[in-house]
Amino acid sequence: MNDFPNMLLDLAKAIGDEFLYILPYLAFGVFLEATIRTLKWHVKIRKVLTRYGILAIPMATLLGVASPLCACATLPLVISLLVAGLPLAPAMALLVTSPLMSPASFTMLSGMLGTNWALTVLVCAMLLGLLAGYATHFLRKKGFAEVDIFRKALPQGDFHDPDYPVEELRCECGQQLSHRVNRCTHNKFLVFLARFWEGSLKIGKFVLIGLVVEMVALKFIPGAEDWIIGMLASDGIVPIFALTLAAIPLHLPQVTAASMLFGLYLPDPGQAISMAKGAGIAMLVGGPVTALPVVAVFVAMFKPRVLILYITLCVGGTIALALLFRACLLYT
């Protein structure tokens with residue numbers, strides 16, 4: 001017990017060392033996202049989604065991987081687009097891809113796990129988005145048309161209105177620092193700085209959560225490192241199913257999952273992580289795509305079949321992609 005303060009100091013130092021290594025990638029990723037949000041590129045692309053029919057599915061997939069919005073922020077946006085006339089298929093593609101990839105996620109995956117892993121997750125996000133979009137499109141006449149998916153009719157109005165009657169969908173963005181700065185100054189540079197600060201807090205928080213969970217597990221759970229790394233390094237099929245299913249009840253954003261894996265392997269700068277493709281995809285794709293806050297809104301807003309479709313596409317698609325990448329590596 002006398003060693004407990006020293007253990008805490010060692011833990012804090014280890015977390016600090018890892019965070020300092022990640023910091024440049026975090027800063028660059030947040031810079032990209034702040035630029036996109038300040039120039040509103042993702043908003044401009046979003047406005048054209050309702051005009052392109054089935055071609056909106058690949059467009060929504062691209063928007064999902066380029067957008068700085070997380071899953072929890074994307075779902076109210078998706079619902080507002082559905083109310084505005086967007087079919088469920090591109091909306092599902094956008095909702096599936098948004099938690100898997102963003103500019104900040106790509107830069108941080110590159111820095112923590114290597115460019116190869118960042119590209120792998122990017123490809124998986126796009127394939128999963130296209131799968132979700134086209135599968136939903138083919139099911140449209142089976143009870144997945146826009147008039148059949150909501151539990152109840154949503155009242156007309158602006159989700160950004162503080163008096164909008166549906167609390168789960170009411171947007172609180174007007175209270176954000178960047179919006180207050182914009183209302184007061186209309187200075188794009190100051191708005192950019194405010195968005196950079198917001199992004200740093202949001203993404204930095206999730207990175208620290210991942211590092212803390214990983215370091216606490218390694219220091220206080222006997223044999224945790226050997227067991228976890230053994231599963232992640234295995235080319236078998238069982239770890240793919242185990243990691244995918246275990247990640248379902250967790251709120252595991254992309255950068256949190258990546259920082260947990262980075263801490264486990266602790267590579268030298270530029271060194272690739274020797275993690276099996278199948279197991280890695282199960283962790284990096286399966287965890288973020290089934291975020292609990294998103295599922296909660298699904299339960300409240302949509303009919304049960306829409307939630308079942310979303311979970312089936314996310315879990316089934318993750319397993320299929322993990323098995324596909326595993327097979328490609330084993331037989332090439």
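Definitions and cut-offs
- Residues numbered from 1 in each chain as written.
- Predicted model: local features only at pLDDT ≥ 70, side-chain atom pairs only at ≥ 80, totals over all residues.
- Heavy atoms only, no water.
- Axes fitted to C-alpha atoms, helices over the stretch in contact; angles between N-to-C directions.
- Helix = DSSP H or I, 4+ residues; strand = E, 2+ residues; numbered from the N terminus.
- Parallel < 35°, antiparallel > 145°, perpendicular 65-115°, else oblique.
- Left-handed = near helix turned anticlockwise from the far one by under 90°.
- Contact = heavy atoms within 4.5 Å.
- Nonpolar A, V, L, I, M, F, W, Y, C, P; charged D, E, K, R; others polar.
- Buried < 20%, exposed > 50% of the residue type's maximum accessible area, 1.4 Å probe, protein only.
- Polar contact = N/O pair within 3.5 Å; in protein donor to acceptor, adjacent residues only side chain to side chain.
- Core = buried A, V, L, I, M, F, W, Y, C linked by side-chain atoms within 4.5 Å.
- Patch = residues over 30% accessible without salt bridge, like charges linked within 9 Å, V, L, I, M, F, W, Y side chains within 5 Å.
- Areas by Shrake-Rupley, 256 points an atom, 1.4 Å probe, with all protein chains shown as cover.
- Salt bridge = Lys/Arg side-chain N within 4 Å of Asp/Glu carboxyl O.
- Expected span 1.5 Å × (residues − 1).
- pLDDT = per-residue confidence, 0-100.

**Some remarks on the packing of helix H6 (residues 103–113) against helix H7 (residues 115–138)**
Relative orientation and spacing of two packed helices are given, respectively, by the angle between their axes and the distance between those axes.
Here is step 1 of the chain: Where H6 meets H7, the closest approach of the two axes is 6 Å, and the angle between their N-to-C directions is 140°. Put simply, H6 runs oblique to H7. Handedness of the crossing formed by H6 with H7: right-handed. Contacts between H6 and H7 involve Phe106, Leu109, Ser110 and Leu113 on the former and, on the latter, Thr115, Trp117, Ala118, Leu119, Val121 and Leu122.
Here is step 2 of the chain: Partitioning the contact of H6 with H7 into residue classes produces eight nonpolar, two polar and no charged.

**Quick word on H6**
Here is step 1 of the chain: With ten of eleven residues buried, H6 lies mostly within the body of the structure.
Here is step 2 of the chain: Residues Pro103, Ala104, Ser105, Thr107, Met108, Leu109, Ser110, Gly111, Met112 and Leu113 constitute the buried set of H6.

**Considering the side chain of threonine 244**
Here is step 1 of the chain: Relative to the elements of secondary structure, threonine 244 occurs in helix H11 (residues 238–247).
Here is step 2 of the chain: Within the structure, the side chain of threonine 244 is placed 2.7 Å from the backbone oxygen of isoleucine 240, a separation counted as a polar contact.
Here is step 3 of the chain: Look past the residues within four positions of threonine 244 in its chain and what remains in contact with it is Ala282, Val315, Thr318 and Ile319.

**Describing the nonpolar core**
Here is step 1 of the chain: In terms of nonpolar packing, the biggest core is built from 75 residues, with Met92, Leu113, Leu284, Phe298, Phe302 and Tyr310 touching the most fellow members.
Here is step 2 of the chain: Looking at this core element by element, the count peaks at nine residues for helix H16 (residues 304–330).

**Some details on the packing of helix H5 (residues 88–97) against H7**
Here is step 1 of the chain: Between H5 and H7, the shortest axis-to-axis distance is 7 Å and the interhelical angle comes to 155°. By the criterion of interaxial angle, the relationship of H5 to H7 is roughly antiparallel. The hand of the H5/H7 crossing is right-handed. Only Ala125, Leu128, Gly129, Ala132, Gly133, Thr136 and His137 of H7 make contact with H5, whose side of the interface consists of Leu88, Ala89, Met92, Ala93, Val96 and Thr97.

**What about a nonpolar patch on the surface?**
Here is step 1 of the chain: Residues Leu177, Trp197 and Leu201 make up a contiguous nonpolar surface patch of about 300 Å² in total accessible area.
Here is step 2 of the chain: Examined against the element boundaries, leucine 177 turns out to sit in helix H8 (residues 177–185).

**With respect to the environment of tryptophan 117**
Here is step 1 of the chain: Mapped onto the elements, tryptophan 117 comes out in helix H7.
Here is step 2 of the chain: Along the chain, tryptophan 117 and isoleucine 281 lie 164 residues apart, while their C-alpha atoms are 9.0 Å from each other.

**Section: H7**
Here is step 1 of the chain: For H7, which comprises 24 residues, the first-to-last C-alpha distance of 35 Å matches the rise-based estimate of 34 Å (1.5 Å per residue) to within 8%.
Here is step 2 of the chain: Turning to H7, its buried residues number three or more, namely Trp117, Ala118, Thr120, Val121, Cys124, Ala125, Leu128, Gly129, Ala132, Gly133 and Thr136.

**Notes on the confidence of the model for the chain**
Here is step 1 of the chain: Per-chain confidence: the chain averages 75 in pLDDT, with 67% of residues scoring 70 or above.
Here is step 2 of the chain: When pLDDT is averaged over each helix and strand of the chain, the minimum, 61, is found for helix H2 (residues 41–46) and the maximum, 91, for H7.

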